[in-house]
Amino acid sequence: MLNIVRQPERPSILATSTHDNIPGLRENWRQFSLLVLVNAFVGATVGMERSILPAMAEHEFQLATHTAILSFIVVFGLSKALTNYYAGRFSDSYGRKRILVAGWVLAAPVPFLLMWAPSWNWVLMANLLLGISQGLTWSMTVIMKIDLAGPRQRGLAMGINEFAGYVAVGLAALATGWIAGHYGLSPAPFYLGVAFVLAGLFLSIFSVRETHHHAKHEASRQHPDQKNSRAPSPRTIFWNTTLHDRNLFSVSQVGLVNNLNDGMAWGLFPLVFATAGLGLDQIGWIAAIYPGTWGICQLFTGALSDRIGRKWLIVSGMWVQAAGIGLIATTSAFDSFIAGAIFMGIGTAMVYPTLLATIGDVVNPAWRASAVGVYRLWRDLGYAVGALLSGLVADLFGMASALWVVAGLTMLSGTLAAFRMQETRIWKIEDYNPLGRSSSE
């Protein structure tokens, strides 16, 4: 009897072999690098809005109240938050790549809706689709990098992921702000969005490979006795990530407040800067510096959390963000606005990858994507809460009051984490069970 041996598929330049399950950035660098590039396009797709949509709301659609102007962020935040939750669960059931590609397909109409919008409702529809798309695509790039990195370099992996995404957010905001200043608010700035979506879609279809088997292999090695056991129910994972586990509760509430202040910054900052007499070019620079600083610093803060731990980077990062918001609330000078944006970027960089790494520290890899989905549900609800809260306070008491309210909430969130959260980096995952109690308690 002849033994017919199938020749292994020859990998492309951008792809790495998926026939082994060895975790690590060095071992999976080709596929990891590809996912970094894909996430840059994910970030750029949302970054194209950051410096110009509030101005469009005022000048092209004549929206009068801050609450109405910030309504696009509410729609974006709600749709992204809910999608994050289901993206994590579905990726555990159906695999990561399918969800990633679906997200890019949903993003395809967004730049066309924005450039051809005859009414504000078209902008809201575009942001509904954008939120769903971001929930699918960004969630998958996060989860796939966690799968590939393994436990030793999880903080560094999240730092690189968020670096790529938020530097791209900043560069896209800068580019669209410049284009809007020279060629008008629409349609020219959104031509970039078409290129971003096409690039992300084609890379995801033809070059990205499935990573779910890495998580299954990691789970079988860390929990061999649970290899054939059923995962906890979605309800159990939801409530433990949301409330019952002290560390995952801390991660979820910090994530929500972090994006609450980002939602405020996205919607109110361009209006604050315009009121201070800044032009679209200058507003574009500040809109780029904040996520750009955030992105670049994450290269260092993610890796730093692997060395010094998670808790105090998270706590102090929230306090630094609060200081940045307070500085912007007290000034009307361009240089001071930039300084405040830099403080916010540094503080957010201290928090963002560290929160994701914390989940990786304490959650069984077999249902880690579901826990990440719950966390990202709460985190991105912060966009909607921040836009609604800051819009209402700005309408009732002025924009400066809205900034101070958000600064106070950010300071309070960091303080709560200081008292509630434990350090997780030093634990071995097999010694900790976020579905019950840690062995150290």
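Residues numbered from 1 in each chain as written. Predicted model: local features only at pLDDT ≥ 70, side-chain atom pairs only at ≥ 80, totals over all residues. Heavy atoms only, no water.

## Observations concerning the overall build of the protein chain
Then, number 1: Each helix and strand in the protein chain was counted, giving 17 helices and zero strands.
Then, number 2: By residue count, 59% of the 441 residues in the protein chain fall in the buried class.
Then, number 3: Of the contacts formed within the protein chain by residues at least 6 apart in sequence, a portion of 86% connects residues at least 24 apart.
Then, number 4: In the form shown here, the protein chain has an accessible surface area of approximately 17,500 Å², with 65% of it arising from carbon and sulfur atoms. (Helix = DSSP H or I, 4+ residues; strand = E, 2+ residues; numbered from the N terminus. Buried < 20%, exposed > 50% of the residue type's maximum accessible area, 1.4 Å probe, protein only. Contact = heavy atoms within 4.5 Å. Areas by Shrake-Rupley, 256 points an atom, 1.4 Å probe, with all protein chains shown as cover.)

## Structural notes on a nonpolar patch on the surface
Then, number 1: On the surface, Leu198, Phe202, Ile205 and Phe206 cluster together into a nonpolar patch covering about 410 Å² of accessible area.
Then, number 2: Locating Leu198 in the fold gives a position in helix H9 (residues 191–206).
Then, number 3: Take Leu198: its relative accessible area is 42%, and that puts it in the partly exposed class. (Patch = residues over 30% accessible without salt bridge, like charges linked within 9 Å, V, L, I, M, F, W, Y side chains within 5 Å. Salt bridge = Lys/Arg side-chain N within 4 Å of Asp/Glu carboxyl O.)

## Some details on helix H11 (residues 234–244)
Then, number 1: Buried within H11 are the following residues: Ile237, Phe238, Asn240, Thr241 and Thr242.
Then, number 2: Check the buried side of H11 and you find it contacts helix H4 (71–94), helix H12 (246–275) and helix H16 (368–397).

## Points about helix H17 (residues 399–420)
Then, number 1: Here H17 is 22 residues long and its end C-alpha atoms lie 32 Å apart, about the 32 Å a rise of 1.5 Å per residue gives.
Then, number 2: Of the residues making up H17, those classed as buried are Met399, Ala402, Leu403, Val406, Ala407, Thr410, Ser413, Gly414, Ala417 and Ala418. Along the axis of H17, the buried positions cluster into a sector of 160 degrees, meaning they face one direction only. Opposite the buried face of H17, by more than 90 degrees, sit the exposed residues Leu412 and Phe419.
Then, number 3: Of the surrounding elements, those touching the buried residues of H17 are helix H3 (66–69), H12, helix H14 (311–329) and H16. (Expected span 1.5 Å × (residues − 1). Arc of directions from axis to C-beta.)

## Structural notes on the confidence of the model for the protein chain
Low pLDDT means the predicted atomic positions in that stretch should not be read closely.
Then, number 1: Across the protein chain, the average pLDDT comes to 85, with 88% of residues at 70 or higher.
Then, number 2: Low pLDDT, under 50, characterises residues 428–432; the predicted model gives this stretch 17 contacts beyond four residues in sequence or across chains.
Then, number 3: Note on residues 436–441: pLDDT is under 50 here. Beyond four places in sequence and across chains, it has seven contacts. (pLDDT = per-residue confidence, 0-100.)

## Some words on empty space enclosed by the protein
Then, number 1: Evaluation of the coordinates by the stated rule reveals three cavities of 30 Å³ or more.
Then, number 2: What the largest cavity holds in volume is close to 110 Å³.
Then, number 3: Looking at the largest cavity, it is lined by 13 residues, and the ones nearest its centre are Ala265, Phe269, Ile286, Ala287 and Tyr290.
Then, number 4: Going through the elements one at a time, H12 and helix H13 (280–308) are the ones with two or more residues in the lining of the largest cavity. (1 Å grid on protein atoms, 1.4 Å probe; cavity = no way out; pocket = protein on both sides within 12 Å on 5 of 7 lines; lining within 4 Å. Points joined across faces, edges and corners; volume = space filled by probe spheres on them.)

## Considerations on the nonpolar core
Then, number 1: Counting residues in each nonpolar core, the largest one holds 127 residues, and the members touching the most others are Trp104, Leu268, Phe273 and Leu403.
Then, number 2: Top contributing element to this core by residue count: helix H7 (residues 120–149), with 15 residues.
Then, number 3: For Leu268, the contacting residues outside a window of four places in its chain are His66, Leu70, Ser390, Ala394, Met399, Ala402 and Leu403. (Core = buried A, V, L, I, M, F, W, Y, C linked by side-chain atoms within 4.5 Å.)

## Quick word on the packing of aromatic side chains
Then, number 1: Applying the stated rule across the entire model yields 22 aromatic pairs.
Then, number 2: Ring centres 6.0 Å apart and planes at 80 degrees place the aromatic pair Tyr85 and Phe238 in the edge-to-face group. Note that Tyr85 is positioned in helix H4 and Phe238 in helix H11, a separation of 153 residues in sequence. Judged on exposure class, the residue Tyr85 and its partner Phe238 are both buried.
Then, number 3: Each ring, one from Trp266 and one from Tyr383, has its centre 5.9 Å from the other, and the planes form 80 degrees; the classification is edge-to-face. Within this pair, whereas Trp266 is found in helix H12, its partner Tyr383 is found in helix H16, the two being separated by 117 residues in sequence. Neither residue differs from the other here; Trp266 and Tyr383 are each classed as buried.
Then, number 4: Through a chain of ring-to-ring contacts, three or more aromatic side chains come together here, namely Tyr85, Tyr86, Phe90, Tyr94, Phe238, Trp239 and Trp378. (Phe/Tyr/Trp six-rings, centres within 6.5 Å; stacked < 30°, edge-to-face > 60°.)

## Comments concerning the side chain of Ser252
Then, number 1: Considering the arrangement of structural elements, one finds Ser252 in helix H12.
Then, number 2: For Ser252, a relative accessible area of 3% puts it in the buried group.
Then, number 3: Leave out the neighbours within four places in its chain, and Ser252 touches Thr241, Thr242, Tyr375 and Trp378.

## Digging into the pattern of salt bridges
When the charged atoms of two side chains lie near each other, side chains of opposite charge can form a pair.
Then, number 1: By the definition in use, this model includes six salt bridges.
Then, number 2: Ionic pairing is found between Asp380 and Arg379, a salt bridge with its closest N-O pair at 3.3 Å. Accessibility classification places Asp380 together with Arg379 in one group, the buried group.
Then, number 3: Ionic contacts of the salt-bridge type, sharing partners, join the residues Lys80, Arg379 and Asp380 into one network.

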